[in-house]
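Now for the letters of each chain:
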Amino acid sequence: MQGEERRGAQGLRPMNASAPFDPIHVRNPRTGERDHVIKPATPDEVASTADRLRMNQPAWLDLGLEKRIEAMNAFADAVQDNRQKIFDALCADTGRVLITHLEIDNLRHMTNRMAGFAQDLVKKEAARNSAVPTIMARTQLVPYPLVGIISPWNFPFLLGMIDSVPALIAGSAILYKPSEITPRHAAPVHECFAQVPALADVVDYAMGAGATGEAVIDNTDAVCFTGSVRTGRLVAERAASNFIPAFLEMGGKDPAIVLESAELERTAQVLLRGSVAAAGQACQSVERIYVARPLHDALVARLAELAAEVTLNTQAPDKGHIGPLIFGKQLATIQSHIDDAVEKGATLHCGGKPVEDGGTWYPATVLSGVNHTMRVMTDETFGPVLPVMPFDSIDEAVELANDSRYGLSANVFAGSEEEGVEVGRRLNGGVVSVNEASLSGSVHEFEQEPFNLSGLGRSRMGPAGVERFYRHKLILSDLSPETRGINAYAEPATNA
Ligand code: NAD
């Protein structure tokens, strides 16, 4: 009965609230129906899975890097062979076609890239002379035995693989917890791991929500987390009290600065795509736009024209520019940001209301007259919303862009590359794109680390992407023919 309370493991809770390990009914974002059920793993189940994986990890490590890379290539082949099953699962959870194909295609490139980084890294293990002439040093790269990977719902496959692939190449076993909002891909992906004998015993997954995630942190030796700042803080605290490293990639509120010298049409096209692609459900979406005052009116007008051309894929997943909101509750956040802005005086040029058709879609929305008292300029919206604010000097633009608790990435549009780079150097963000948006979606071989609340821990791009799973152990050998006995510490005799 609604509102009644019963006593459970967590104390009193309302009857209509589900317990942490009750089955979770997964919503299909296109239909709005809950057409899939997962059974969350309990802490005991997570602990016994973790014990098994940890027991099997030494054999995986002993295979050596080249055999591990071979196994990861065989896994990538298995994903291609089972592509349709994985695609169907992802498409059911996200309502997207093109992005789903891109997510799956990325695996092969990621595997090759991380394998190359690892091959370079192991060269560090060669013996070398130390600064003390008789002492020889050997580095041993020792992976964390078991890595926990906790991922969000917006790019379910990609963001699971982004940590799984390098951790496995490094020689760790992995325990993967997908988001409970988009969990359907985990089983078919696991079947692909199971088809590769060397990998079958060092990879597993645990379904569930926060309580299962906590158990993953409690039973692993390092944790990779991608998700919101609120959860990231909880993960960081728990990992710290367990004394394990946490690699955290959290949300953003990416700014775009449009200098007076920028080319208007190109800038407008890129900003629109950078804000509304994936329906804005990307951590590196452009979330706020600062434009030199002389360009302001023309940019807002052009953005509104372009936004009106953005189509929603309500009829079929492969017909339209943007898909449904994957997480139903995200609507409340998007709408509250827009309503708050309009109540405080912003002008709505287009969009601003959801389209309900079983699932929920949100049209491209352009706002002007915004300022930093409005949540749409300070909090992560995670929707296809373009709020535009004018500035009068570059210093002011930089100050506004840096006035954020986030620092994931940023974008600058300028008449010349040099001018854009100069402004980019002053921005607080792990990566800055010049005359494009979110270029880090295409370039992965260099390191980048989020600033402020957007993350903590080493870069998951570039060589650090794999190096972060290794502890550096040093073996030092004394090659001197002479022995230094206790007399080496004898105080020199004095004449006194
Ligand atoms: P979320 O924080 O709600 O959930 C992320 C994961 O954490 C889920 O698997 C969830 O079950 C798990 N979780 C929840 N509570 C937990 C707990 N107490 N302990 C351990 N695990 C717990 O995030 P979300 O809504 O799924 O994802 C959207 C967020 O992710 C946005 O803020 C977005 O910006 C961010 N994101 C960041 C990046 C990046 O690379 N920086 C990439 C994609 C998404």
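Because the structure is a prediction, the values reported are computed rather than measured.

**Structural notes on the overall build of the protein**
At step 1: A tally of regular secondary structure across the protein gives 15 helices and 22 strands.
At step 2: Rg of the C-alpha trace for the protein: 26 Å, near the compact-globule value of 23 Å for 496 residues, within the 12% margin.
At step 3: Taking the principal axes of the C-alpha coordinates as reference, the protein spans close to 85 × 65 × 50 Å.
At step 4: For the protein, the residues scored as buried account for 53% of the 496 residues in total.
At step 5: Considering only contacts in the protein between residues 6 or more positions apart, those separated by 24 or more positions represent 71%.
At step 6: Entry remark: accessible area of the protein is about 22100 Å², with carbon and sulfur atoms responsible for 53%.

**Here we look at the domain arrangement of the protein**
At step 1: If you check the domain split of the protein, you get domain 1 (3–250 + 450–476) and domain 2 (254–441).
At step 2: Here the C-alpha centroids of domain 1 and domain 2 sit 30 Å apart.
At step 3: Facing 25 residues of domain 1, the contacting portion of domain 2 comprises 31 residues.
At step 4: Around 2200 Å² of area is buried between domain 1 and domain 2 when both sides are counted, 60% of it from carbon and sulfur atoms.
At step 5: Area buried by domain 1 at its contact with domain 2 is led by Arg30, Trp153 and Phe451, which between them contribute 31% of it.
At step 6: Scanning the region where domain 1 abuts domain 2 turns up zero salt bridges.
At step 7: Where domain 1 touches domain 2, the interface holds eleven residue pairs in polar contact (both at pLDDT 80 or more).
At step 8: Ranked by residue count, the leading element in the side of domain 1 that touches domain 2 is helix α3 (residues 83–94), at three residues.

**A few points about the site of the ligand**
At step 1: In the region of the ligand, 30 residues are neighbours, and Glu180, Ser228, Met250, Glu380 and Arg460 sit closest.
At step 2: With respect to the ligand, the backbone of Met250 contributes an N or O atom lying 2.7 Å from a nitrogen atom.
At step 3: Residue Arg460 places a side-chain N or O atom 2.5 Å away from an oxygen atom belonging to the ligand.
At step 4: Here the ligand has 860 Å² of accessible area as a free molecule, and 90% of this is covered by the chains.
At step 5: Broken down by secondary-structure element, the contributors of at least two residues to the shell around the ligand are α8 (210–218), β10 (222–226) and α9 (229–242).
At step 6: Per element, the largest residue contribution to the shell around the ligand is four residues, and it comes from α8.
At step 7: A class-by-class count of the residues in the shell around the ligand yields 14 nonpolar, ten polar and six charged.
At step 8: Each of two domains, domain 1 (3–250 + 450–476) and domain 2 (254–441), supplies a minimum of three residues to the shell around the ligand.

**Some details on the sheet that holds strand β9 (residues 203–205)**
In a beta sheet, neighbouring strands are held together by backbone hydrogen bonds and run either parallel or antiparallel to one another.
At step 1: Pairing within the open sheet is mixed, and its six strands lie in the order β9-β8-β7-β10-β11-β21. One side of each edge strand has no neighbouring strand; the edge strands of this open sheet are β9 and β21 (455–456).
At step 2: In terms of strand pairing, strand β7 (residues 146–150) meets β10 through four bridges, oriented parallel. Across the sheet, Ile150 pairs through a bridge with Phe225, a residue of β10.
At step 3: With respect to the sheet, α8 is in contact with β7, β8 (173–177) and β10, its orientation differing from that of β7 by roughly 160°.
At step 4: Here α9 sits on the sheet in contact with β10 and β11 (246–249), set at roughly 175° to β10.

**Remarks on the packing of helix α2 (residues 65–81) against helix α6 (residues 186–194)**
At step 1: Their axes nearest at 8 Å, the elements α2 and α6 cross at an angle of 135°. Comparing the axis directions of α2 and α6 gives the class oblique. Helix-helix and strand crossings are classified by hand; for α2 and α6 the assignment is right-handed. Facing α2, whose interface residues are Phe75, Ala78 and Val79, α6 presents Val189, Cys192 and Phe193.

**Structural notes on the environment of Glu260**
At step 1: Looking at the element boundaries, Glu260 is found in the loop between β12 (254–258) and α10 (264–276).
At step 2: When the C-alpha positions of Glu260 and Arg293 are compared, they lie 7.9 Å apart, and in sequence the two are 33 residues distant.
At step 3: In this view, Glu260 contacts Ala292, Pro294 and Leu295; residues no more than four positions away in its chain are not counted.

**Structural notes on the environment of Val291**
At step 1: Tracing the backbone shows Val291 in strand β13 (residues 286–292).
At step 2: Between the C-alpha atom of Val291 and that of Ala262, which follows or precedes it by 29 residues, the distance is 9.6 Å.
At step 3: Apart from the residues within four sequence positions on either side, Val291 is in contact with Val258, His296, Leu299, Val388, Met389, Pro390 and Phe391.

**Side note on empty space enclosed by the protein**
At step 1: Evaluated as defined, the whole model comprises two cavities of 30 Å³ or more.
At step 2: Lining the largest cavity are 15 residues, and of these Met161, Tyr176, Val189, Phe193 and Val203 lie nearest its centre.
At step 3: At the level of secondary structure, the elements contributing two or more residues to the lining of the largest cavity comprise α5 (156–170), β8, α6 and β9.
At step 4: When residues of the lining of the largest cavity are assigned to their parent elements, the largest contribution, five residues, is made by α5.

**Quick word on the packing of α3 against α6**
At step 1: Packing of α3 against α6 brings their axes to within 8 Å, and their N-to-C directions diverge by 155°. Here α3 lies roughly antiparallel to α6, going by the angle between them. Both α3 and α6 take part in a crossing whose hand is left-handed. Here Lys85, Ile86 and Ala89 of α3 come into contact with α6, specifically with Pro188, Val189, Glu191 and Cys192.

Cut-offs and rules
- Residues numbered from 1 in each chain as written.
- Predicted model: local features only at pLDDT ≥ 70, side-chain atom pairs only at ≥ 80, totals over all residues.
- Heavy atoms only, no water.
- Helix = DSSP H or I, 4+ residues; strand = E, 2+ residues; numbered from the N terminus.
- Rg over C-alpha atoms; globule rule 2.2 N^0.38 Å.
- Buried < 20%, exposed > 50% of the residue type's maximum accessible area, 1.4 Å probe, protein only.
- Contact = heavy atoms within 4.5 Å.
- Areas by Shrake-Rupley, 256 points an atom, 1.4 Å probe, with all protein chains shown as cover.
- Domains from an automatic or database assignment.
- Buried area = accessible area lost by both parts, 1.4 Å probe.
- Salt bridge = Lys/Arg side-chain N within 4 Å of Asp/Glu carboxyl O.
- Polar contact = N/O pair within 3.5 Å; in protein donor to acceptor, adjacent residues only side chain to side chain.
- Near = heavy atom within 4 Å.
- Nonpolar A, V, L, I, M, F, W, Y, C, P; charged D, E, K, R; others polar.
- Pairing = 2+ DSSP bridges.
- Axes fitted to C-alpha atoms, helices over the stretch in contact; angles between N-to-C directions.
- Parallel < 35°, antiparallel > 145°, perpendicular 65-115°, else oblique.
- Left-handed = near helix turned anticlockwise from the far one by under 90°.
- 1 Å grid on protein atoms, 1.4 Å probe; cavity = no way out; pocket = protein on both sides within 12 Å on 5 of 7 lines; lining within 4 Å.
- Points joined across faces, edges and corners; volume = space filled by probe spheres on them.

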